[in-house]
Structures are given as C-alpha cells and as structure tokens.
Amino acid sequence: MLTIKNLHVSIEGKQIIKGLSLSINKGEVHALMGPNGSGKSTLSYVLSGKEGYEIDEGTIEYNGKNLLDLEVDQRANAGLFLAFQYPMEIPGVQTSFFLKTAINSKRKFLGMPEIDALEFAKLIKSHAEDLGIGSEMLKRDLNVNYSGGEKKKQEILQMSILKPDMAILDETDSGLDIDALRIVSEGVNKLRSEQNSFLVITHYQRLLNYIKPDFVHIIANGKIVKSGDFSLALELEEKGYEDISKTA
Amino acid sequence: MSTAVKLHTMPSRNMSNYAQKALLNNPFENFKIENYKYAQLHKSITTNLSLKGFKPDFSSFNSFKNLKLSDGTNTDLLGDLNKWNYNNTDSYFRVNSISERPSIKIDLDLHEDEVIYLDLSIFKENIQLFKATELPKTLIINNSNFSDDCPRSIFLNLSENAKLNIIHFNISNSKSFLYFEINQQNKSNVKFLSFQSNNVHTRNEFFASLEENCSLDIYGLNFHNHGVNDNYSFIQHMKPSSQSREVFKSIVKNGAVTNFQGKIYVDSIAQKTDGYQMSRSLILDNESKANNKPELEIYADDVKCSHGSTVSKLNQDQVYYFQSRGINEEQAVKILQKAFLVETLDVIENPQIKEYSYNLLDARL
C-alpha cells in the first residue's frame with residue numbers, strides 16, 4: 001500500500017530525514033517510535049504533502065502511484081489521512097460545516113452526489129457518540145477553545161467518517177488522559193480492518209497497549225534503526241531510546 | 001480642474017473660525033490632512049461639491065410616499081458645527097454639506113414598513129433622519145450605482161430609548177463619498193453594518209455621538225479586488241455608561257487598497273464607558289494594501305476601552321489543514337475568507353436582509 005524507499009528530506013537546507021525506508025501492506029498496523037527531533041513529524045507532513053519540505057532523494061509509492069506527484073487534497077481523497085499532533089484552530093468555520101465539506105469533497109472525487117442532510121446527521125451522530133462528542137461541540141468553531149483531548153477526538157471523528165485506506169496518527173496520545181486515550185484508541189480499532197493500514201507515531205508504549213501494532217520501528221536521526229514486533233516497544237520502554245539506538 | 005469649495009458663497013457669519021479652517025483643509029487638494037491621510041481624494045477629482053440653490057424634488061421618492069418629508073433648513077445643523085471633539089481637522093464632508101446644501105427631513109417612525117430602503121443615488125440633499133421609538137426597524141442605505149461623485153450626508157437623530165438597525169451597502173464599481181452622522185440620546189440603541197465591496201474609490205465617514213446608557217454596534221465588511229476604499233470613524237462618548245463596539249474587517253486582492261482610521265473619544269464626564277474597537281485586514285497578494293490606524297482619546301478615569309488592529313496574509317497552515325481533509329485549495333481559501341468576514345453579518349436583524357447579505361458575500365468571494 002505504502003512504500004517509502006531511501007527517503008531524504010530537508011527543510012531550508014537542513015537534513016531531517018536521511019535515508020528512510022518503510023513498507024506498509026494492506027491491513028497492517030505499524031508503530032513508529034523515536035525521540036524528539038528524530039524526524040517522526042516531518043515524515044508525517046511529507047506523506048500528507050505539506051509545503052516547505054524538500055525531497056532530496058528517494059521515492060514514495062502509494063497504491064501504485066507516485067505519492068509525491070499528488071497535491072495535499074488529492075492525497076487525502078486517494079485515502080490518505082493524517083491525524084495531526086496539533087490540529088489547526090479555524091475560527092468562523094463551524095465544525096459540522098467543515099465535516100460536511102470534507103465528506104462532500106471525497107464524494108465529489110468518487111463521482112457521488114453530495115450527502116443529504118439526514119444521512120449526514122445520522123453519520124455524524126453515530127460516530128460522535130462513540131467518541132463522546134456532543135452535538136454542542138459540533139456547532140462550535142472547528143477546534144477553537146477545544147481542550148487538548150477534544151481536539152484529538154475531533155481528529156479521530158474526521159478519520160472515522162472519511163474512512164481512509166492509510167491513516168497516520170501523529171502523537172495522537174500526547175495530551176490525553178487515560179479515559180480519552182481509551183476512547184480514542186477504540187475509535188481507531190473500530191476502523192481497523194484487512195482493507196486499511198495505520199502508521200502510529202508515538203513516544204510511548206502506552207498507546208500501543210490499546211492499539212496493538214503488527215510492527216514496531218524505531219527512528220533515530222532521520223532513519224529507521226531497528227524494526228521488530230510489539231516486544232520491541234516493551235524493550236524500548238525498559239531500556240530507553242539511547243540504549244536501543246546504540247545496539248542497533 | 002478645481003475641486004475647491006468657493007469660500008465666498010458660505011454664510012460666514014454662522015461659521016466659526018474652526019469650521020472655516022476645516023473647509024480650507026480641502027482633502028481633494030491636500031493629501032496631507034491627517035484624517036484624510038490614506039483617502040487619496042486628491043487623485044479622485046470631484047467637480048461640484050456645492051449644491052447651493054438646488055431645489056429638492058420629492059417626486060422621486062415614490063417608495064417614501066407615506067413618509068412625512070419636509071424641507072429642512074440648514075440652521076439647526078449649522079448650530080452643531082462645533083459639537084465634535086476634534087483636536088485636529090474636522091470632517092471636510094460634513095462642514096461642506098452643512099454649509100453648501102439644502103436638507104430634507106424624514107421621520108422613520110411614520111413609515112409603516114419594518115424595512116425602509118433609502119437609495120442615495122436619487123438625491124443629493126443632506127438627509128436628516130429621525131427615530132423616536134423602540135419599534136424594530138431596519139434602514140437600508142444604498143450608496144452604490146452612483147453616476148455622479150457628489151458626496152452624500154446623512155444626519156441620524158435617535159431620541160431616548162429609540163432603536164434602529166442600519167445596513168449600508170456600498171457595493172458597485174463607482175465612486176462614492178459618504179458622511180454619516182449618528183446622534184444618540186439616552187438609552188438609544190443602534191446596530192450598524194457597512195457592507196462594502198469592489199468600489200472604484202470610496203470615502204465613508206461614520207460619526208457617532210453617544211449620551212447616557214446608549215449602545216452602538218458598528219461593523220464593517222470589506223471585500224475588494226480593486227480600488228481605494230477608505231473608512232473613517234469617530235465615536236464620542238459624551239455622557240456616562242454607554243458602550244460602543246466597532247469591528248472593521250477587510251480583505252483585499254489584485255492591488256486594492258483598504259483603509260481604516262478610527263477614534264474613540266471619551267469625555268471627562270463619560271465615566272463607565274465601555275469602548276471596543278478592532279480593525280482586521282487580510283491581504284491576499286503582494287500588490288494590495290491595508291492601512292489601519294486605531295486611536296483612543298480618553299479623558300475619564302473609570303472606563304473600559306480597548307482597541308486592536310491586525311494586518312496579515314491568509315494562514316497557509318489553515319489552508320493546508322483543509323487540504324489534508326480533501327478540500328481543494330480554491331474552496332479552502334473561499335471558506336476561510338468567508339469565515340474571516342462573516343461575524344460582521346450577525347449585526348443584521350432582519351432574516352431576509354441577512355440571507356441577501358450572505359448570498360452577496362458568497363457571490364463576491
């Protein structure tokens with residue numbers, strides 16, 4: 001589904017990712033763990049297509065297409081979703097309007113008519129309830145005056161209704177209390193199927209207790225230094241990044 | 001081509017030195033006058049500001065046939081020449097219109113309809129408006145579609161407890177110059193929106209004088225892809241416990257210029273004044289320009305007054321966020337522009353006018 005080969009990325013001349021390769025197949029959940037500044041968030045931005053990142057070398061293939069040829073919105077409509085570590089606040093745009101616009105963009109891309117009001121209400125209600133998002137929150141401006149936990153739940157709500165093939169969760173666990181962590185994880189697990197894949201970026205093994213990964217990768221200094229199964233996350237928790245990076 | 005008012009035609013015995021000085025400071029000739037600093041009026045030649053001897057023709061007011069219209073005199077307006085607490089130059093438009101043009105009076109309470117439409121293109125007299133009741137009423141003032149560039153002047157007088165919702169449309173490819181004055185007696189309430197878009201050259205002046213326990217909401221919505229659009233406001237709190245809230249928002253592109261100069265004046269006896277002023281501009285390209293100049297002048301010591309001003313480009317991270325959810329850049333930019341401006345439309349009370357304004361904004365973005 002997603003194949004990254006020998007990726008080199010720099011920002012304003014500074015190399016951040018230095019030869020990263022990663023392959024994710026349909027139905028797999030991969031965890032990417034690493035210390036601050038190792039290039040985790042940069043990788044997620046590059047995959048989503050954010051401006052300002054120079055691809056110096058390497059390829060990214062997504063469902064047989066060259067991902068780097070696609071605009072940000074084209075990637076999203078092709079099934080790629082990034083749940084942001086710091087979701088943007090959008091004053092003046094009601095949350096439900098934003099959700100509807102996003103759904104209709106995808107439907108337009110798929111050649112479907114716009115969603116009707118009743119169908120939209122049903123869809124939102126079913127997913128929002130699961131995540132503990134009240135109808136009052138959907139009327140508020142998107143992410144404005146949301147708590148940290150509410151913002152993350154909003155990201156998962158968007159993911160749930162857009163049903164991506166490939167979802168990247170960028171430190172979705174940061175800033176979450178135990179209850180919110182469980183609710184958010186359940187939201188992710190609900191979407192998990194043989195048809196779609198996840199790249200879960202996190203500092204801590206804690207999240208991976210809820211979202212069990214098939215593979216765990218450790219990133220340090222811009223490349224993957226060690227890969228393994230869930231036991232690698234446990235090992236990491238015990239020994240710390242420095243130790244693992246050394247033995248890699 | 002001369003743009004000056006002929007001073008010898010003025011009734012000089014009624015004019016203070018101050019007013020005469022105001023007329024000598026003709027912004028059509030001198031672009032260095034502080035409160036016309038950004039207006040660029042010297043580039044917009046106006047040939048005839050004087051309407052001396054112009055006879056009002058009431059036959060054109062078909063839509064107002066139920067209104068009590070009377071031929072106003074200049075006398076009471078002239079008596080007010082020194083009422084504004086300016087430290088520098090006065091409004092040239094105001095002094096000019098008072099001294100040079102006849103007036104008509106309109107009593108808004110005598111009109112049966114809830115919405116009153118005033119098309120400023122069909123007359124050039126000064127208009128004195130009166131509202132004495134709390135009855136909900138919306139006044140639409142249209143100074144679009146002008147075929148001349150003569151400035152218009154409106155003097156609105158609200159009695160105690162009176163209420164009025166005013167929507168001003170200035171939305172066409174023409175030149176227009178407007179002086180708008182609001183005089184609020186105790187406990188009166190005004191909600192005002194000026195909707196401005198795509199004009200060749202405009203100068204709109206909004207003057208308001210508040211007595212006790214009044215409230216004034218004055219909002220500006222500006223969206224321009226060409227022209228110079230200049231707004232000046234002066235709100236004076238003359239008695240205690242009134243509140244004024246002023247929000248001017250503008251978006252410019254394709255080399256358009258938007259200006260906002262606004263002052264809140266609080267008299268020494270106007271304690272417990274609550275004043276707020278905010279001007280915000282979005283510039284969509286490198287050719288366009290926004291000048292915002294907020295001012296406060298406060299002589300009372302127990303007041304709450306704040307002002308703010310921002311000029312920025314569209315937040316690209318917000319655009320990226322939309323795109324990351326599959327919404328294309330063009331649509332994202334349009335939604336974000338609307339989101340920036342739309343709070344100003346909350347001032348509109350009448351649902352039909354509100355819908356009209358939403359649609360107009362959609363069509364222009």
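Located above this text is the structure these notes cover.
These notes cover the structure that comes with them. Worth saying up front: this structure is predicted, and the values here are computed from it rather than measured. (Residues numbered from 1 in each chain as written. Chains lettered and ligands numbered in written order. Predicted model: local features only at pLDDT ≥ 70, side-chain atom pairs only at ≥ 80, totals over all residues.)

Some points on the interface of chain B and chain A
Step number 1: Facing the 15 residues of chain B at the interface are 18 residues of chain A.
Step number 2: Per-element accounting of the side of chain B that touches chain A gives the leading share, five residues, to helix 4 (residues 316-323) of chain B.
Step number 3: Each residue belonging to the side of chain B that touches chain A can be placed in one class, and the counts come to seven nonpolar, five polar and three charged. (Contact = placed C-beta atoms within 7 Å. Helix = DSSP H or I, 4+ residues; strand = E, 2+ residues; numbered from the N terminus. Nonpolar A, V, L, I, M, F, W, Y, C, P; charged D, E, K, R; others polar.)

Looking at the sheet that holds strand 9 (residues 166-170) of chain A
Residue and element names in this part refer to chain A.
Step number 1: Spatial ordering of the open sheet is given by 6-9-10-3-11-12, a layout of six strands whose pairing is mixed. Taken across any chain shown, the strands that pair with only one partner, and hence form the sheet edges, are strand 6 (80-83) and strand 12 (223-228). Ignoring strand direction, the axes of neighbouring strands in this sheet form an average angle of 20°.
Step number 2: Both strand 3 (residues 29-33) and strand 10 (residues 197-202) contribute to a ladder of five bridges, which runs parallel. Paired with Leu 32 across the bridge in strand 10 is Ile 201.
Step number 3: The strands touched by helix 1 (residues 40-48) are strand 3, strand 6, strand 9, strand 10 and strand 11 (215-220); relative to strand 6, the strand with the most contacts, the crossing angle is about 145°.
Step number 4: Helix 6 (residues 148-162) rests against strand 6 and strand 9 of the sheet, and its axis sits at about 165° to strand 6. (Pairing = 2+ DSSP bridges. Axes fitted to C-alpha atoms, helices over the stretch in contact; angles between N-to-C directions.)

Digging into the pairing of strand 14 (residues 257-266) of chain B
Residues in a regular strand project their side chains so that they alternate between the two faces of the sheet.
Residue and element names in this part refer to chain B.
Step number 1: With ten of its ten residues buried, strand 14 lies for the most part within the structure.
Step number 2: Taken together, the ten bridges between strand 12 (residues 228-237) and strand 14 define a ladder with parallel strand orientation. Bridge assignment links Gln 236 to a residue of strand 14, and that residue is Tyr 265.
Step number 3: Across ten bridges, the pairing between strand 14 and strand 16 (residues 289-298) is parallel. (Buried ≥ 20, exposed ≤ 12 C-beta atoms within 10 Å, placed from the backbone.)

Considering the sheet that holds strand 7 (residues 163-170) of chain B
Residues and elements named next belong to chain B.
Step number 1: One open sheet holds the eight strands; their spatial order is 3-5-7-9-11-13-15-17, and the pairing between them is parallel. What marks the edges here is a single partner per strand, and that holds for strand 3 (115-119) and strand 17 (304-312). Recorded for the sheet is a direction-independent mean angle of 10° between the axes of neighbouring strands.
Step number 2: When strand 3 meets strand 5 (residues 138-142), the two strands line up parallel, connected through five bridges. Of the residues in strand 5, the one forming a bridge with Leu 118 is Ile 141.

Interpretation in functional terms is not warranted from these geometric data alone.
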